[in-house]
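Summary of the model geometry
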Amino acid sequence: IKKQQQDVLGFLEANKIEFEEKDIAANEENRKWMRENVPEDSRPASGNPLPPRLFNDSRYLGDYEAFFEARENNAVYAFLGLTAPPGSKVGVHISPSKL
C-alpha cells in the first residue's frame, strides 16, 4: 500500500498537480469519509476499501490499478478530471477489439 501511495504522490508532485492527502490511518473522520464515498461496486467483497483511493473533490475516480492504467495509457489528466497542460499527451488509448 505504501509503495502505491508513494507512486501516486510522486506522479502528482512531479507533474505539479495540486492535491490534498488524507491520512485514514490516523484520522477516523477521513477513514469514515472514504468508506462512505467509495461506490458500492468499487468496494472489496469483504472488509473495507484500502488506499490509495483517488477522488476529485467528492467524486470517486478509482483505486491504484485504475490510476496506473490511466498513466500507462497517457490518460491521467482525463482520469483525474483535469485539463491537461499545453504540450502534454492527453490521448486515451483504445485497444482494438478482437474479432
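To start, this report covers the structure provided alongside it. (Residues numbered from 1 in each chain as written. Predicted model: local features only at pLDDT ≥ 70, side-chain atom pairs only at ≥ 80, totals over all residues. Heavy atoms only, no water.)

1. Some remarks on the layout of surface pockets
As a volume, the largest pocket reaches approximately 860 Å³. Around the largest pocket sit 28 residues that line it, and Glu-20, Glu-21, Lys-22, Arg-53 and Leu-54 are the ones nearest its centre. Contributing elements (two or more residues each) for the lining of the largest pocket: helix 1 (2–14), helix 2 (28–37) and strand 1 (53–56). The biggest single contributor to the lining of the largest pocket is helix 1, with six residues. Here the lining of the largest pocket is composed, by residue class, of 16 nonpolar, four polar and eight charged. (1 Å grid on protein atoms, 1.4 Å probe; cavity = no way out; pocket = protein on both sides within 12 Å on 5 of 7 lines; lining within 4 Å. Points joined across faces, edges and corners; volume = space filled by probe spheres on them. Helix = DSSP H or I, 4+ residues; strand = E, 2+ residues; numbered from the N terminus. Nonpolar A, V, L, I, M, F, W, Y, C, P; charged D, E, K, R; others polar.)

2. Here's the deal with the environment of Ile-24
Along the chain, Ile-24 turns up in the loop between helix 1 and helix 2. Owing to a relative accessible area of 17%, Ile-24 belongs among the buried residues under this scheme. Linking Ile-24 and Pro-52, residues 28 residues apart in sequence, is a C-alpha distance of 9.9 Å. Setting aside residues up to four positions removed in sequence, Ile-24 forms contacts with Asn-30, Arg-31, Met-34 and Pro-51. (Buried < 20%, exposed > 50% of the residue type's maximum accessible area, 1.4 Å probe, protein only. Contact = heavy atoms within 4.5 Å.)

3. A short note on the environment of Leu-9
As for its position among the elements, Leu-9 is in helix 1. Taking the C-alpha atoms as reference points, Leu-9 and Glu-20, eleven residues apart in sequence, are found 9.9 Å from one another. Non-local contacts of Leu-9, meaning those with residues more than four positions away in its chain, are made with Phe-19 and Glu-21.

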